[in-house]
Amino acid sequence: MEFNDNAELDTSQVQDQRGSSGGDGEGPGGGLGDVIGGVLGGGGGGRTIGRGGIAGGGIGLVVVIGVVLYMLFSGGGDGGAGSVGGLLGGLTANGGGTADNASLEQECHTGADAASNDDCAVVAFVNSVQSYWKGALASSGSTYRNAPTVFYSGATATGCGQGTAAMGPFYCPTDKKVYIDLSFWNELKTQFGADNSLFTQAYVLAHEYGHHVQDLLRTTDKVGSDKGPGSSSVRLELQADCYAGVWAKHASTVPGPDGQVLITQITDTDISNAVATAGKIGDDWIQAHLGGGRPDPSSYTHGTSAQRQKWFEAGYTTGNAAACNTFQTASLG
């Protein structure tokens with residue numbers, strides 16, 4: 001993966017909260033981390049991948065599809081301690097972290113900085129992915145609205161509950177932000193045994209922004225509290241993988257904030273690494289290898305490793321979001 005040294009970066013699309021402490025409080029009913037264990041079902045371990053989880057799906061990464069999503073889309077909203085209203089009320093009391101982009105603004109100016117500084121590379125990914133979807137949605141008569149990516153350390157309050165590093169990257173549809181503790185890149189390698197190269201990181205973030213696109217298009221309205229191989233949550237996650245592949249197909253032609261192409265090359269090796277990573281974040285692999293149990297298809301929320309690979313490749317091969325028809329197809333692969 002290579003960047004255009006002269007292309008400008010837009011750090012305003014990132015909110016750096018790593019120096020603040022916005023994650024002390026625990027949301028009503030426990031907070032996001034408490035529901036992760038249930039997502040893996042019999043596989044245990046308390047992790048899920050793919051959607052921004054409870055909050056919105058982490059790239060096939062560790063996304064926690066937990067409680068909030070279920071409450072948002074299964075009608076739970078009576079204002080009690082376990083409801084969306086109760087949860088959001090608690091978050092208001094907890095507050096979020098305070099962003100301070102001074103360091104990013106000082107260090108991240110161009111593609112050359114993205115090539116030499118990991119934080120700046122993430123800024124470049126966010127810029128590229130959002131630029132692509134802005135154009136793609138405009139061409140289809142829809143409007144894309146930028147969603148910031150929040151850098152945090154350890155824990156942070158979000159519009160969807162308490163976010164923690166253990167959840168991995170995730171998207172919160174309530175406040176329309178992507179959240180990531182950047183230590184996840186190391187965990188991706190050490191815990192999942194996956195590649196954590198630059199393009200793999202881009203794939204993870206592109207998956208999360210796929211959830212933002214789904215939110216804007218109201219695709220997330222189709223998600224209920226069902227689990228299993230053909231569930232709506234699995235279809236949502238696989239579509240986000242497919243959307244990540246669509247962006248990857250076009251990434252080397254997408255203009256950055258200043259109109260210059262920001263990413264100049266994505267190699268076959270980059271794509272192979274992303275596909276291999278998708279194979280390490282399926283429900284079946286996680287339950288068997290991280291949960292220490294036998295995969296339980298009835299508890300699946302993100303899809304199998306093979307499915308995640310298939311749908312990323314479908315997006316990349318076609319470069320067409322219309323090919324990401326996970327809610328229309330009878331066979332998810």
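Quick caveat, the model's predicted, so the values are computed rather than measured. (Residues numbered from 1 in each chain as written. Predicted model: local features only at pLDDT ≥ 70, side-chain atom pairs only at ≥ 80, totals over all residues. Heavy atoms only, no water.)

K.L.:
Any chance you could break down the packing of helix α8 (residues 198–216) against helix α10 (residues 268–278) for me, citing the residues and the numbers?
P.N.:
α10 packs onto α8 with a crossing angle of 55 degrees between their chain directions and a minimal axis gap of 8 Å. Classified by the angle between their axes, α8 and α10 sit oblique to one another. In this structure, α8 crosses over α10, and the sense of that crossing is right-handed. Residues Phe199, Thr200 and Tyr203 of α8 form the contact with α10, whose own contacting residues are Asp270, Ile271, Asn273, Ala274, Thr277 and Ala278. The residue inventory of the contact of α8 with α10, partitioned by class, reads five nonpolar, three polar and one charged. (Axes fitted to C-alpha atoms, helices over the stretch in contact; angles between N-to-C directions. Helix = DSSP H or I, 4+ residues; strand = E, 2+ residues; numbered from the N terminus. Parallel < 35°, antiparallel > 145°, perpendicular 65-115°, else oblique. Left-handed = near helix turned anticlockwise from the far one by under 90°. Contact = heavy atoms within 4.5 Å. Nonpolar A, V, L, I, M, F, W, Y, C, P; charged D, E, K, R; others polar.)

K.L.:
Can you lay out the packing of aromatic side chains for me, pointing to particular residues and giving the numbers?
P.N.:
Both the distance between ring centres and the angle between the ring planes are used here to describe each pair of aromatic rings. Overall, the coordinates contain nine aromatic pairs when judged by the stated rule. Pairing Tyr203 with Phe312 gives two aromatic rings, centres 5.0 Å apart and planes at 65 degrees, and the pair type is edge-to-face. With Tyr203 in helix α8 and Phe312 in helix α12 (residues 305–318), this residue pair connects regions lying 109 residues apart in the sequence. Like Tyr203, the residue Phe312 is buried in the burial classification. Taken together, the ring pairs in this structure connect Tyr132, Trp133 and Tyr243 into an aromatic cluster. (Phe/Tyr/Trp six-rings, centres within 6.5 Å; stacked < 30°, edge-to-face > 60°. Buried < 20%, exposed > 50% of the residue type's maximum accessible area, 1.4 Å probe, protein only.)

K.L.:
Which residues make up the side chain of Asp16, and what values do they have?
P.N.:
When you line up the elements, Asp16 lands in strand β2 (residues 14–16). Within the structure, the side chain of Asp16 is placed 2.8 Å from the side chain of Arg18, a separation counted as a polar contact. (Polar contact = N/O pair within 3.5 Å; in protein donor to acceptor, adjacent residues only side chain to side chain.)

K.L.:
Explain the nonpolar core residue by residue, including any values.
P.N.:
One finds Trp133, Phe199, Trp247 and Phe312 to be the most contacted residues of the largest nonpolar core, which totals 66 residues. Mapped onto this core, the elements with two or more residues apiece are α6 (118–139), β9 (177–180), α7 (184–190), α8, α9 (232–250), α10, α11 (283–289) and α12. Top element by residues in this core is α6. It accounts for twelve residues. Apart from the residues lying within four places of it in its own chain, the contact partners of Phe199 are Met1, Trp247, Ala248, Ile266, Asp270, Ile271, Ala274 and Phe312. (Core = buried A, V, L, I, M, F, W, Y, C linked by side-chain atoms within 4.5 Å.)

K.L.:
Before we move on, can you summarise the sheet that holds β9 with the specific residues and values?
P.N.:
The four strands are arranged β2-β5-β9-β8 in an open sheet whose pairing can be described as mixed. Every other strand in the sheet has two partners, leaving β2 and β8 (170–172) as the edge strands with one partner each. Neighbour to neighbour, the strand axes of the sheet diverge by 25 degrees on average, direction disregarded. Examined bridge by bridge, β8 and β9 share three bridges and lie antiparallel to one another. Paired with Phe170 across the bridge in β9 is Tyr179. Against the sheet, α8 contacts β5 (149–151), β8 and β9, and its axis sits at roughly 20 degrees relative to β8. (Pairing = 2+ DSSP bridges.)

K.L.:
Run through the pairing of strand β7 (residues 161–164), naming residues and quoting values.
P.N.:
Sheet topology places strand β6 (residues 155–158) next to β7; four bridges connect them, and they run antiparallel. Paired with Ala157 across the bridge in β7 is Gln162. Adjacent in sequence and paired antiparallel, β6 and β7 are bridged by two residues.

K.L.:
I'd like to hear about the packing of α6 against α9, residue by residue, with values.
P.N.:
For the pair α6 and α9, the least separation of the axes is 10 Å and the interaxial angle reads 95 degrees. With respect to their mutual orientation, α6 and α9 come out roughly perpendicular. In this structure, α6 uses Ser128, Val129, Tyr132 and Trp133 to contact α9, whose residues at the interface are Tyr243, Val246, Trp247 and His250. Of the residues assigned to the contact of α6 with α9, the class counts are six nonpolar, two polar and no charged.

K.L.:
Which residues make up unusual backbone geometry, and what values go with them?
P.N.:
Its identity as a non-glycine residue notwithstanding, Lys176 has a phi of 55 degrees, on the positive side. Tracing the sequence through the fold places Lys176 in the loop between β8 and β9. Positive phi outside glycine occurs at Arg218, with the angle close to 65 degrees. Tracing the backbone shows Arg218 in the loop between α8 and α9.

K.L.:
For the confidence of the model for the protein, give the residues involved together with the corresponding values.
P.N.:
Scored by pLDDT, the protein comes out at a mean of 82, with 77% of its residues at no less than 70. Low pLDDT, under 50, characterises residues 59–95; the stretch is placed with 129 contacts to residues that sit more than four places away or in other chains. (pLDDT = per-residue confidence, 0-100.)

K.L.:
Which residues make up the state of the cysteines, and what are the values?
P.N.:
Two cysteines form a disulfide when their sulfur atoms are joined by a covalent bond. Taken as a whole and assessed by the stated rule, the structure comprises three disulfides. Disulfide pairing is shown between Cys160 and Cys172; the S-S distance is 2.1 Å. Across the disulfide from Cys160 to Cys172, rotation about the S-S bond amounts to roughly 90 degrees, and the bridge is consequently right-handed. Here the residue Cys160 occupies a position in the loop between β6 and β7, and Cys172 occupies one in strand β8, the gap between them amounting to twelve residues. When sorted by exposure, Cys160 lands in the same class as Cys172, which is buried. Each sulfur of the disulfide joining Cys242 and Cys324 lies 2.1 Å from the other. Looking along the S-S bond of the Cys242-Cys324 disulfide, the torsion reads about -75 degrees, which is the left-handed sense. Taken together, the residues span a long stretch of sequence, with Cys242 in helix α9 and Cys324 in the segment after α12 at a distance of 82 residues. (Disulfide = S-S within 2.5 Å.)

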